[in-house]
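Take a look at the letters that make up each chain.
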Amino acid sequence: MKSMIYSLLMAAAATMPLAACSDDNNTLEQRDWSTTTLFASSDKVSQDIYYKPQSGYVGDPMPFYDPVAKDFKILYLQDYRPNLPGTYHPIWALSTTDAASYTSLGELIPFGGINEQDAAIGTGSTIYNEADKLYYTFYTGHKDQLNPGDSREMVMVATSPDFKKWTKNKTFYHKGADYGYEKNDFRDPFVFRGDDNLYHMIVACKKSGKGVLAEWTSADLKSWEHKGVFMQCMWDRFYECPDVFKMGDWWYLVYSEIHEAVRRVQYFKGRTLDELKACTKNDAGLWPDSHEGFLDSRGLYAGKTASDGTNRYIWGWCSTRSGKDNTKALEWAGNLVAHKLIQHEDGTLTLGEVPGIAAKFDNAAKPDVVAKSDDGVQGDASNLKLTGNAWALFPRLGYENRIEFTVKTAGKRDKFGISFVRGTDADVFYSLVLNDEDDNTRKINFEQQGKNGCGFLANGDSYVFQRPADNTYHIVITTDNSICTMYVNDVCCYTNRIYGIQRNCWSINSYSGNIEVSGLTVATK
């Protein structure tokens, strides 16, 4: 029945062009949505699935499960663009119960004056103290106007009895220089409760030019005892936005590597905190898995987690791109993106689809093939076969979409992918290619394809993952305006910013060998 409704809607669209506002100007124009040519399109001002505020963007999320309200609070740095000179990034917040729909709580902690230590605010963390019934948010104070001997960065704290009214503690200035750490790189405090029933504070900083995570402990969140270096950063690396948590029998550190050659969210694991700390000792590089602990592509950054005791989610931001150009550099801040953590039997982690997001899409239907390559295409969305260099094009997507299908390749190295922003007249389009790195591994590459395409785009590839033994790939893709997430067999998570997805056609492609596509459905909000 759903397939029939979809076909009838498409037929109606073919006979009655719709009036719409052009995405690149404000004049009213007629568009025939049943065509397959490329349309210009732009993002909505605000978004909800992968949250974007009405004004500005989301930077460095600080997720926290509120044991009083029984929901998740996502504090974040509000990036206005343009920000005020010297004073910027107040802490705003959202609430959610399912990591799929959000309620804005507005500004919680404002930045300070131009001469104050927190003229600009950097990321931190929130924890609730049952003893005094207060919420504590530890954050980075980044000073703009420096006097001789001043520290560029310090850890500061604000408290609240109700998560609404916050008071900055004007006597708490936690300085790295007091403990032998450098005064200009001392940031991103993360506080958690250990098995010893003490609070532990981890701070990203530098000591003698080398990146380290330093540690303090406290019984009351007020007085802190220095415990030395929690973990060394390997080589010339610097681990931003640290997040330490226990999940089952394993301890984890999730962090964001700032080095331009990496720039991803990664993790380490250990059976104990001491084992976790030893992962990088003397640059040991005790990686947790076969791909250096990468959790996502370069499209996601500043990822941190929170758990309600049943599910643990990770929230990070998906970057905007310079000039809204899919080939340009990734910028700081963007949309809030959530994934669900999947813990495997050996303790390794991957990221998967948030059930609450999947539940938003209840109108899945089989799409029609609206165009295809001259050769190599057989069947329809129920059972589609592509051979060699072939493609099948599907109808225009909405602003929010969920695509699901299964691909089975005939051999180990048969290559396939998915293209967005594609039309029958498009000189370029953007593809997620499941590239065969060798006989046993795959990696998702981001490519600009088409007759004028430049090929591989270095700022959008994923990490290497194992080819499934049966050559079967179950794929789920969710898009919200220009944000795209893709999950492959619960072993690979991929996030990217691709402008122009909405209101344009998309395709499934074969590049070599033979692939069979089954169970293809598209749901649109």
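Computed from a predicted structure; not experimentally measured.

Enquirer: Would you mind going over the pairing of strand β27 (residues 415–422) with me for this structure?
Expert: Every other side chain in a regular strand lies on the same face of the sheet, so the side chains alternate between the two faces. When you tally the buried positions in β27, you get seven out of eight residues, the bulk of the element. Connecting β27 to the next strand, strand β28 (residues 429–436), in antiparallel fashion are six residues.

Enquirer: Explain the nonpolar core to me, please; I cannot follow it from the model alone.
Expert: Buried together is how nonpolar side chains tend to be arranged in soluble globular proteins. Among the nonpolar cores identified, the biggest contains 80 residues, and Trp315, Phe405, Phe420, Met486 and Trp506 are the most heavily contacted of them. Discounting chain neighbours no more than four positions away, the residues touching Phe420 are Leu397, Ile403, Phe429, Tyr430, Leu432, Ile477, Cys484, Ile498, Ile501, Cys505 and Trp506. The next biggest cluster of nonpolar side chains, apart from the first, holds 19 residues, and it includes Phe190, Ile202, Leu253 and Tyr255.

Enquirer: Got a minute to help me understand the pattern of salt bridges in this structure?
Expert: Side-chain pairs of opposite charge can arise where the charged atoms are in close proximity. One pass over the structure, following the stated rule, counts 30 salt bridges. Lys73 serves as the salt-bridge partner of Asp71, at 2.8 Å between the closest nitrogen and oxygen. A salt bridge links Glu353 to Arg402; the nearest nitrogen and oxygen atoms lie 2.7 Å apart. Here the residue Glu353 occupies a position in the loop between β21 (349–352) and α3 (355–359), and Arg402 occupies one in strand β26 (residues 400–409), the gap between them amounting to 49 residues. Here Arg402 falls in the buried class, since its relative accessible area comes to 14%. One connected set of salt bridges, linked through shared partners, spans Glu153, Asp185, Arg187, Lys206 and Glu240.

Enquirer: Could you clarify how one ought to interpret the sheet that holds strand β32 (residues 472–480) in this entry?
Expert: Strand pairs in the sheet, formed through backbone hydrogen bonds, run parallel or antiparallel to each other. Here seven strands make up an open sheet; going across it, the order is β23-β24-β36-β26-β32-β33-β34 and the pairing antiparallel. The two strands at the open ends of the sheet, each matched to only one other strand, are β23 (377–378) and β34 (492–497). As paired elements, strand β33 (residues 483–488) and β34 share six bridges and run antiparallel to each other. Bridging across to β34, Val488 finds its partner in Cys492.

Enquirer: Would you explain the sheet that holds strand β10 (residues 167–168) in this entry?
Expert: Taken in spatial order, the four strands make up an open sheet running β7-β8-β9-β10, and their pairing is antiparallel. Two strands close off the open sheet at either side, each with one partner strand: β7 (120–129) and β10. Relative to strand β9 (residues 153–160), strand β8 (residues 134–142) runs antiparallel, the two being bridged by eight bridges. Counterpart to His142 in the pairing with β9 is Glu153.

Enquirer: I'm lost on the packing of aromatic side chains in this one. Help?
Expert: Aromatic ring pairs are defined here through the distance separating the ring centres and the angle between the ring planes. Going through the model one piece at a time under the given rule, you end up with 33 aromatic pairs. Measuring from ring centre to ring centre gives 6.0 Å for Phe138 and Phe172, while their planes differ by 70 degrees; the resulting arrangement is edge-to-face. A residue pair is termed long-range when its members are at least 10 positions apart, and Phe138 in strand β8 and Phe172 in the loop between β10 and β11 (186–193) qualify at 34 residues. Summarising the burial analysis for this pair, Phe138 and Phe172 share the class buried. Clustering of aromatic rings is evident, with ring pairs tying together Phe64, Tyr128, Tyr135, Phe163 and Trp166. For Arg81, the ring lying beneath its charged end belongs to Tyr57, and the centroid distance is 4.2 Å. Directly above the aromatic system of Phe429 lies the positively charged group of Arg422, at a separation of 4.0 Å from the ring centroid.

Conventions used here
- Residues numbered from 1 in each chain as written.
- Predicted model: local features only at pLDDT ≥ 70, side-chain atom pairs only at ≥ 80, totals over all residues.
- Heavy atoms only, no water.
- Buried < 20%, exposed > 50% of the residue type's maximum accessible area, 1.4 Å probe, protein only.
- Helix = DSSP H or I, 4+ residues; strand = E, 2+ residues; numbered from the N terminus.
- Pairing = 2+ DSSP bridges.
- Core = buried A, V, L, I, M, F, W, Y, C linked by side-chain atoms within 4.5 Å.
- Contact = heavy atoms within 4.5 Å.
- Salt bridge = Lys/Arg side-chain N within 4 Å of Asp/Glu carboxyl O.
- Phe/Tyr/Trp six-rings, centres within 6.5 Å; stacked < 30°, edge-to-face > 60°.
- Lys NZ or Arg CZ within 6 Å of the ring centre and 35° of its normal.

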